[in-house]
Amino acid sequence: MNNFFIQRVQVEGGFLDGFDLNLENGLNTIIGARGTGKSTFIELIRYGLNIKGHSVESSTKALNHALSVLKDGQVTITLSNEKETFSLSRTSEDKQETKLPYNIKIPLIFSQTEVETVGLLEKGRLKIIDSFIEEINFYKEKELGIIVKINSISKELQNITEDIANYEDQLLPLENLRKELKLLEIEENKISEISQQAASKSIKLKELSEAYSKQSLTLNYIKEFTEKENAWQNEIINLINNIPDITPWRGEEENPISDILKARELLKTSLINKINEYSDTFKITEEHILKIRTNIQEITKEGQQLRTEVDNLQNGAGEISRKCQKLRSDIKHLEITKLNLEDKIKKIKQLQNERNLILNTLEDIREKRSRARVNVCEEISLELSPKIRVGIEVSSLIDDYNQVLTNALKGTGIKYNDIVSVISETIPPRELINIIENDNIDDFISFISISKDRASKIISNLKLSIYEIATVLLEDRITFNLNDGTEWKDFSELSTGQRCTVILPIILQHKDTILVIDQPEDHIDNAFIVETLISSILKRKNKGQIIVTTHNANVPVLGNANIVAHLSSDGKRGFIQSFGSLSNKKIVDAISKVM
């Protein structure tokens, strides 16, 4: 990205107090005896640019190193591409981390320990490969955005699923109620035949019963709407009031986002006003509720009077009428519930289809990232053949999948230790979602040989983790191999020196990236340094800056270093003893003596 390089490093205070080194866009070698500040120089660059280590442990170690040597001082790093220049300063007490301008590619920094160990970790190898991919942050941001959408739909699906379960429970007595009403209506018809007057009043009572049912349904509907609407309004108001704070602008010039902040405040005020206007309109529901309750009271009063009259005409008729009225009302409620259930089932299907389309997009993003990794691995292997090979097994890491399944089954009484690994190895997440949502026990046991009863319990307990299963990442596995002359050896089987032999040439494949490496030649012999390391450095000439600390004369001499800085120390402070190119006699003498 515009080929930026570290032009200058300045230190005030601490072990390297007064340090001021100008660098070039090529090979810069830092030499000196042990204890002169070479590693300190590397870690202060890392600290000044706020670049994390390649593991949590290495990040902590690097930070502690930088703070201990900087003390109460400050490091300033200047980056340039000959057209633009940026200077970043950071003290040991700075709580706010510095950020590189967007158009500067983040430098890659490796301590001696990281060179030796980074390839042993799955995430370390993956991070090395991802550092070659320009769009890697785009993929991550796109992936996170898609997962947020899936999470939102999943929560809605979960709520609707709970509603469906409640509706199904409520509908269990419906058929029995219909049978009971049918029998009672026979008795009701007999009573109506006894007296025309009783029949007339029974018809009227039936009409009142139906009117009562309709009014009750309307009242319940409006009350349910009111409760949910109030909750929704409160949630919106909370969201509006919880606008995230931002750090106050400290710059001398006008805040670059002042217009946005004003617009955001106007938006907040406008939204609150709109909600208040809507709330005023919403009050009409209270009038509806009051009116319906009055109607119900009048219907009840009239019904009670009619029922008394019917009772006087026929002994037992009132009891039958009351039972019929209640049954009709209950059945009417349940028939509405059944319609609601059908709507919820349709909504579930709609949301599942919508989620599945988004999941397809998520898979596409992950596949593109994997293809980019495959290309990087193939290019590096081709470049470093026949000594080094970089491989990739796409979507082969199932640790996160295992963890999601374990979390879902933990505490359920199901023996999950063995079954989890079998599920993750045989059923892809998307396939498992289909099985869970359709309660497809037969499909499940076609993958895993267990009883239907156990399969049913597992599926039931996985339902609450559908979102986690849907979005879980089956990460790619990166492999590093070295040809030792007789066979290919996996990275985990290599000695420390052999691991460095693999990692360093891979790192040096980076183009247009600042590379900062601390003492890469330790644990490796001169033959490798000359044949592979120096070769990789020379191939990278004019393709990006390299800053390297070293004890080996081959690195600056055969690598044709642009700059050599010789560090020395009086025991209390490290300083630059001499500085210049290979044509500088002091530098030549320093290389001869120190190395």
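As a starting point, this report considers the structure included with it. Everything quoted here is computed from the prediction, not taken from an experiment.

## Overview of the overall build of the protein
So, step 1. Looking only at helices and strands, the protein has 20 helices and 13 strands in total.
So, step 2. Computed over C-alpha atoms, the radius of gyration of the protein comes to 37 Å, more than 25% over the 25 Å expected from 2.2 N^0.38 for 595 residues, which places it beyond the range of a compact globule.
So, step 3. Each principal axis of the C-alpha distribution contributes one length, and for the protein these read about 130 × 65 × 35 Å.
So, step 4. Here the protein holds 595 residues, and 44% of them are scored as buried.
So, step 5. Taking the contacts inside the protein whose residues are at least 6 apart along the sequence as the reference set, 72% of them involve residues at least 24 apart.
So, step 6. Distance from the positive charge centre (77 side chains) to the negative charge centre (89 side chains) of the protein: 1 Å.

## Brief notes about the sheet that holds strand β12 (residues 563–569)
So, step 1. Ordered by their spatial adjacency, six strands build an open sheet running β6-β10-β11-β3-β12-β13, and the pairing between neighbours is mixed. Every interior strand has two partners, whereas the edge strands, β6 (108–110) and β13 (574–580), have only one. Across the sheet, the mean angle from the axis of one strand to that of its neighbour is 15 degrees, orientation sign disregarded.
So, step 2. Direction of pairing for strand β3 (residues 27–32) relative to β12: parallel, over a ladder of five bridges. Across the sheet, residue Ile-31 finds its bridge partner in β12, namely His-566.
So, step 3. The strands touched by helix α20 (residues 585–594) within the sheet are β3, β12 and β13, with β13 carrying the most contacts at an inclination of about 125 degrees.

## So, a positive patch on the surface
So, step 1. A surface patch of like charges, here positive, comprises Lys-142, Lys-149, Lys-368 and Arg-371.
So, step 2. At the level of elements, α5 (136–171) and α10 (317–384) are the ones that each hand at least two residues to the positive patch.
So, step 3. Of note, Lys-142 is situated in helix α5.

## Structural notes on the layout of surface pockets
So, step 1. Of the volumes computed, that of the largest pocket is approximately 1500 Å³.
So, step 2. Broken down by secondary-structure element, the contributors of at least two residues to the lining of the largest pocket are β6, α4 (122–130), α5, α10, α11 (399–409) and β8 (475–483).
So, step 3. Ranked by residues supplied to the lining of the largest pocket, first place goes to α4 with seven residues.
So, step 4. Here the residues of the lining of the largest pocket are counted per class, giving 23 nonpolar, seven polar and 16 charged.

## Observations concerning the environment of Ile-292
So, step 1. Mapping Ile-292 onto the fold places it in helix α9 (residues 284–313).
So, step 2. The spatial distance from the C-alpha of Ile-292 to the C-alpha of Ile-237 is 30 Å, given a sequence separation of 55 residues.

## Brief notes about the packing of aromatic side chains
So, step 1. If you walk through the whole model with that rule in mind, you get five aromatic pairs.
So, step 2. Look at Trp-232 and Tyr-278: their rings are 6.4 Å apart centre to centre, the planes differ by 85 degrees, and that puts the pair in the edge-to-face class. Here Tyr-278 lies in helix α8 (residues 258–282) and Trp-232 lies in helix α7 (residues 196–241), a separation of 46 residues in the sequence.
So, step 3. Owing to a relative accessible area of 43%, Trp-232 belongs among the partly exposed residues under this scheme.
So, step 4. Relative to Phe-491, the ring of Phe-480 has its centre 5.9 Å away and its plane inclined at 75 degrees; by these criteria the two rings are edge-to-face. Residue Phe-480 is located in strand β8, and its partner Phe-491 is located in the loop between β9 (488–490) and α17 (496–507); the two are separated by 11 residues in the primary sequence. Accessibility assignment for this pair places Phe-480 and Phe-491 in one class, buried.
So, step 5. Over the face of the ring belonging to Tyr-47 we find Arg-90, whose NZ or CZ atom lies 4.0 Å from the ring centre.
So, step 6. It is Arg-389 that lies over the ring of Trp-488; its NZ or CZ is 4.3 Å from the centre.

Calculation notes
Residues numbered from 1 in each chain as written. Predicted model: local features only at pLDDT ≥ 70, side-chain atom pairs only at ≥ 80, totals over all residues. Heavy atoms only, no water. Helix = DSSP H or I, 4+ residues; strand = E, 2+ residues; numbered from the N terminus. Rg over C-alpha atoms; globule rule 2.2 N^0.38 Å. Buried < 20%, exposed > 50% of the residue type's maximum accessible area, 1.4 Å probe, protein only. Contact = heavy atoms within 4.5 Å. Lys, Arg positive; Asp, Glu negative; His and termini not counted. Charge placed at Lys NZ, Arg CZ, Asp CG, Glu CD. Pairing = 2+ DSSP bridges. Axes fitted to C-alpha atoms, helices over the stretch in contact; angles between N-to-C directions. Patch = residues over 30% accessible without salt bridge, like charges linked within 9 Å, V, L, I, M, F, W, Y side chains within 5 Å. Areas by Shrake-Rupley, 256 points an atom, 1.4 Å probe, with all protein chains shown as cover. Salt bridge = Lys/Arg side-chain N within 4 Å of Asp/Glu carboxyl O. 1 Å grid on protein atoms, 1.4 Å probe; cavity = no way out; pocket = protein on both sides within 12 Å on 5 of 7 lines; lining within 4 Å. Points joined across faces, edges and corners; volume = space filled by probe spheres on them. Nonpolar A, V, L, I, M, F, W, Y, C, P; charged D, E, K, R; others polar. Phe/Tyr/Trp six-rings, centres within 6.5 Å; stacked < 30°, edge-to-face > 60°. Lys NZ or Arg CZ within 6 Å of the ring centre and 35° of its normal.

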